[in-house]
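Observations on the model geometry
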Amino acid sequence: MRNLKQSLSRSISPITLVFLLPILLGCALIAAAQASAQAPAPDSPAIEAQAHAMLAKLTLEEKIDLLGGVDGMFTHPAPAIGLPRFKMSDASVGVRTWGPTTAYAGGVALAATWDREFARKLGESLGKDARARGVNFLLGPGVNIARSPIAGRNFEYLSEDPFLNSAVVVPFIQGVQSQGVIATAKHYALNDQEYNRHNASSDVDERTMREMYLPSFEAAVTKGHVDAVMNSYNLVNGVHATQNDFLNLKVLKGEWGFQGILMSDWDATYDSVGAANNGLDLEMPSPRFMNTKGLLPAVKDGSVKESTIDDKVLRLLRAVLRYGFLDRPQLDPADSTYSVADRAVALDGALESITLLKNDGGLLPLDPARIKTIAIIGPNAWPAVTGGGGSSEAQAFEPVSILTGIANLAGPNVRVLYSRGLPEMNDLFRNTRWDGPVKVATYPSRDFTGKPETATVSSIGDFRFERRGPRDETPRSLRYTASYKAVKAGTYLLLAASQTWGSDFKVLVDGKQLETPPHVEGQAPPFWTFDLTAGQTLNVEADYVSGFGGVRFGMGIAYEPDLVTEDARNFAAAADVVVVAAGFDGFTEGEGHDRTFALPWGQDALIEAVAAANPHTIVILTGGGGMDTRRWLAKVPALLHIWYPGQEGGTAVAEVLFGKHNPEGKLPVSFDNSWEENPSFPWYYPVKGAGASLHVTEPGREPVDYVIPHVKYGDGLLVGYRYWTTTGKHPLYPFGFGLSYTTFSFSKLEAPASAAAGTTIPVSFDVTNTGSVAGAEVAQLYVSDPSAKATRPERELKGFEKVRLAPGETKRVTIDLDARSFSYWDSSAHKWTIDPGKFVIRVGDSSENTPLSADLTLN
Ligand code: BGC
């Protein structure tokens, strides 16, 4: 069902109606015939007719012009029919493109709330923020599956589970679109890693695709009725998403009946005819391929039909009419640019998503009356880290850091000691005492050829290390050679960093290349540790190839324990309780590069040092998913994961620490002990030698050939908890897990013993708050299919309900299971199927703790 604002915008003036009546009837019949049961309802005959009338006034050239964006973030105007350009903005955690904004806990944090109502509220707020800035298209939500913890954009996506993704994405989309703003589900499809995202092919069998990677898009279209979808950069099974017949024509527009606009990701289009004929409606941000140069001759020679172009234009026109973009200004003065109400939503999101993972001895909640001194230590304590990096990065008006949030709540009687705990990266580079001068050879090429200029310097990276620099494409490669002598025995940390797109580097120690993840677009700074004896010397060489922002490379070595600042150790020892704020930020985790599984450099040492100085150490981690905690987890009593909590994160952390808010976040992804144990680990990088060659011809440019790297999704259906529960092994913290300051119990499961396959089956149970404070529990329902003909994951999430309970209170929950809850994708019949027989229904508070279970036979 479309919402009120949209249904109102479907009416049309009587004069236009009379003018259009003849075509109106025919169109309505065609649309009705095309609509499937689940597909979004077709537009009214009036809109259909007006869109056709507008189309009829356009020349072929004008129509083609509408297929490409302008000025980075707008659709193309068509003055002949009074069509202005329409404005877009990113999206996932705030309406970020047009200046400062409210920055929310979005993406994975939204999934950690497991709260459909909150998802709607967040969508509505983003919709209002968009209207306050005249934005027509919100370029979100990102609904890809978090397959691997190191994937750079997990924080913008949702979870490892298609059911959870679908459940939150539908109300989110409805919330955005209820404000008269088009939401865009992205990145369609299988953009599950940032590594080589433009070139790599995600190679997946159809069943895995249908069961794991497509359902959240399917729900966005068939239930959320999203009016735009964005194709991803990557290829799927050897074909770029923007020209992928299977994804775009067969599934999205065919089976799901998508009637909206399919746009490309920014510069994700690779072929004029291929894209035009395989479903792409809008090439963003500019028409490099879908332009008159590429498409006029194609229409002339019949390789692209004019009706195909018309269909794309009609999709835009219908959306414009459906949303009333021509009838009212998009900038709605009723919506505030700076909104106090939105700040409350941002706070709610942070509060609902913070996930308590460890609380030994009931250290939390803290009692402010018993704390005289609190030490707040770590690189993420201040300034506030609101979100990850890249196109989603929203500039918050006034973000609250963990330091200020805690200090505000603790009040004037608590002494607050703050230390960053670690040096800034540049200081590490600058302060490295190399053994003698560092030699630098600068080559006038990207491959160390040509005559180098040589120089000596005392440190590497003694420039202001900026994340982005002015565009400078001068080809340069630099070779640094230096040696480092350990003054004392112990562990040393070598850090190297470059951060301009297109740059790359490798580091050799004593002639041996150190292993780094392969990088293509920028990189999260890797580091290595060495156990050295006193006087031992390392001969270090770094080979750096500059990217598009000049030379931005730094490297340094430090005795690891010396990285931890003296004041951090002293403050930790002097305080009653210590909060260490660590994890990732927009520099170490973001779009365009994957991240490390290890915490950023020095943080393990920092946490160890603080925990050694004070047993009351609470670790707070920021990041889009799991990370390596092995070095110190057993030494700290409390651990909270706060995702990227948006601008109110500091206040929310304080409220949770002091028990003003009972933590209620639940993991939307399994947390692994190590990256190596994640099921996607063996399958993450492209298979060597598997690439076919691809030929790309951009109108007006030289053709380019390149070899497609193929990423084989050999982990298949066994993503996240599906792997853990099927193999009977255990991750560090399971999917769905999260502690509370109270306790809950589950009882009285009621489900039919047998039922007809395909009918709706109600499952009921009680959830009781058995503790002494109010709290929220997420009751999770998993279905197993032990008698299936096909091999299925041991259990799959098919329902959940967030329940808020006063102490001692019980609520009865009923979850209706539909046909899809029991189905799997039959690869030979190419359809969803239910094998009659035994199923098991399990209910509990995580994928591994399901105290209630019942057998059910489907006939
Ligand atoms: C991102 C998209 C984003 C677009 C516009 C691309 O780099 O992949 O998610 O919407 O930029 O900023």
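Attention in this report is confined to the structure presented alongside it. Just so it is clear, the structure is predicted and the values come from calculations on it, not from any experiment.

What counts, and at which threshold
- Residues numbered from 1 in each chain as written.
- Predicted model: local features only at pLDDT ≥ 70, side-chain atom pairs only at ≥ 80, totals over all residues.
- Heavy atoms only, no water.
- 1 Å grid on protein atoms, 1.4 Å probe; cavity = no way out; pocket = protein on both sides within 12 Å on 5 of 7 lines; lining within 4 Å.
- Points joined across faces, edges and corners; volume = space filled by probe spheres on them.
- Nonpolar A, V, L, I, M, F, W, Y, C, P; charged D, E, K, R; others polar.
- Near = heavy atom within 4 Å.
- Polar contact = N/O pair within 3.5 Å; in protein donor to acceptor, adjacent residues only side chain to side chain.
- Areas by Shrake-Rupley, 256 points an atom, 1.4 Å probe, with all protein chains shown as cover.
- Phe/Tyr/Trp six-rings, centres within 6.5 Å; stacked < 30°, edge-to-face > 60°.
- Helix = DSSP H or I, 4+ residues; strand = E, 2+ residues; numbered from the N terminus.
- Lys NZ or Arg CZ within 6 Å of the ring centre and 35° of its normal.
- Pairing = 2+ DSSP bridges.
- Buried < 20%, exposed > 50% of the residue type's maximum accessible area, 1.4 Å probe, protein only.
- Contact = heavy atoms within 4.5 Å.
- Axes fitted to C-alpha atoms, helices over the stretch in contact; angles between N-to-C directions.
- Parallel < 35°, antiparallel > 145°, perpendicular 65-115°, else oblique.
- Left-handed = near helix turned anticlockwise from the far one by under 90°.
- Patch = residues over 30% accessible without salt bridge, like charges linked within 9 Å, V, L, I, M, F, W, Y side chains within 5 Å.
- Salt bridge = Lys/Arg side-chain N within 4 Å of Asp/Glu carboxyl O.

What to know about empty space enclosed by the protein
A water-sized probe, rolled over the atoms, reveals where empty space remains. Summed over all chains, the structure comprises five cavities of 30 Å³ or more. Taken as a whole, the largest cavity spans an internal volume of roughly 120 Å³. Lining the largest cavity are 16 residues; nearest its centre among them are Pro149, Glu160, Val669, Ser670 and Asn678. In the lining of the largest cavity, the residues fall into five nonpolar, eight polar and three charged. Taken together, the residues of the lining of the second largest cavity break down into seven nonpolar, six polar and no charged.

What to know about the site of the ligand
The ligand sits among 13 residues. The nearest are Asp90, Arg153, His187, Asp265 and Glu591. The contact in question runs from an oxygen atom of the ligand to an N or O atom on the side chain of Arg153, over 2.7 Å. Lys186 is positioned such that a nitrogen or oxygen atom in its side chain is 2.9 Å from an oxygen atom of the ligand. Protein burial of the ligand: of its 310 Å² of free accessible surface, 92% is covered by the chains. Residues of the shell around the ligand, tallied by class, amount to five nonpolar, two polar and six charged.

Quick notes on the packing of aromatic side chains
Remark: the centre distance and the inter-plane angle together describe each pair of aromatic rings, the angle taken between the planes. This model, assessed by the stated rule, comprises 29 aromatic pairs. When the centroid spacing of 5.3 Å and the interplanar angle of 55 degrees are considered together, the rings of Tyr492 and Tyr559 count as tilted. Taken together, the residues span a long stretch of sequence, with Tyr492 in strand β15 (residues 490–498) and Tyr559 in strand β20 (residues 553–559) at a distance of 67 residues. Chaining the aromatic ring pairs together yields one cluster made of Trp114, Phe163, Tyr721, Phe735, Tyr782 and Phe800. For Arg85, the ring lying beneath its charged end belongs to Phe74, and the centroid distance is 3.6 Å.

Focus: the sheet that holds strand β16 (residues 504–509)
One open sheet holds the six strands; their spatial order is β13-β12-β14-β19-β16-β17, and the pairing between them is antiparallel. The open sheet has two edge strands with one neighbour each: β13 (453–457) and β17 (512–513). By the bridge criterion, nine bridges tie strand β14 (residues 477–485) to strand β19 (residues 537–545) in an arrangement that is antiparallel. Bridge assignment links Leu478 to a residue of β19, and that residue is Tyr544.

Points about helix α19 (residues 603–613)
Taking burial as the measure, the 11 residues of α19 include eight buried ones, the bulk of the element. Of all the positions in α19, only Gln603, Asp604, Ala605, Leu606, Ile607, Ala609, Val610 and Ala611 are classed as buried. In this fold, the buried residues of α19 make contact with β10 (373–377), α17 (560–563), α18 (566–574), β21 (577–583) and β22 (617–622).

Description of the packing of helix α8 (residues 206–213) against helix α10 (residues 245–255)
It is the contact of α8 with α10, at a shortest axis distance of 14 Å, that shows an interaxial angle of 50 degrees. Overall, the two elements α8 and α10 adopt an arrangement that is oblique. In this structure, the crossing between α8 and α10 has a hand that is right-handed. From α8, Glu206, Met209 and Arg210 reach across to α10, where they touch Phe246, Leu247, Lys250, Val251 and Glu255. Here the residues of the contact of α8 with α10 sort into four nonpolar, no polar and four charged.

Some words on unusual backbone geometry
The step from Gly140 to Pro141 runs through a cis peptide bond, and the omega angle for that step is 15 degrees. Take Pro141: it is sitting in the loop between β2 (137–138) and α7 (162–177). Located in the positive-phi region is Phe448, a residue other than glycine, with phi close to 60 degrees. If you trace the backbone, Phe448 turns up in the loop between β12 (438–443) and β13. You will see that Asp510, though not glycine, has its phi angle at about 50 degrees, which is positive. For Asp510, the position within the fold is in the loop between β16 and β17.

Here's the deal with the pairing of β20
Of all seven residues in β20, seven are buried; the element is thus mostly enclosed. A two-sided burial pattern is seen for β20, the buried positions comprising Phe553, Met555, Ile557 and Tyr559 on one face and Gly554, Gly556 and Ala558 on the other. For β15 and β20, the ladder comprises seven bridges, and the chain directions are antiparallel. Each bridged residue has a counterpart across the sheet, and for Leu495 the counterpart in β20 is Gly556.

Overview of the sheet that holds strand β26 (residues 710–712)
On the basis of which strands lie adjacent, the open sheet formed by four strands has the order β7-β6-β4-β26 and mixed pairing. Because the sheet does not close on itself, it has two edges, and the strands there are β7 (239–240) and β26. Sheet analysis places strand β4 (residues 201–203) next to strand β6 (residues 235–236), joined by two bridges and oriented parallel. For Ser202, the partnering residue across the bridge sits in β6 and is Val236.

Digging into the side chain of Lys63
When you line up the elements, Lys63 lands in helix α4 (residues 60–65). Residue class for Lys63 comes out buried when judged on its relative accessible area of 5%. Of the polar contacts made by the side chain of Lys63, one reaches the side chain of Glu306; its length is 2.8 Å. Those residues within four positions of Lys63 in sequence are excluded, and the remaining contacts are Leu55, Leu58, Glu306, Ile309, Asp310 and Val313.

Focus: a nonpolar patch on the surface
Residues Tyr338, Val340 and Phe397 make up a contiguous nonpolar surface patch of roughly 270 Å² in combined accessible area. Note on placement: Phe397 falls in the loop between β10 and α15 (402–410). Accessibility expressed as a relative area gives 31% for Phe397, which makes it partly exposed.

Things to note about the pattern of salt bridges
With the rule as written, the count across this model stands at 58 salt bridges. For the salt bridge of Glu648 with Arg343, the shortest nitrogen-to-oxygen distance reads 3.4 Å. Within this pair, whereas Glu648 is found in the loop between β23 (638–641) and α20 (649–657), its partner Arg343 is found in helix α14 (residues 340–353), the two being separated by 305 residues in sequence. Classification of Glu648 by relative accessible area gives buried; the value is 5%. The exposure class of Arg343 is partly exposed, given its relative accessible area of 28%.

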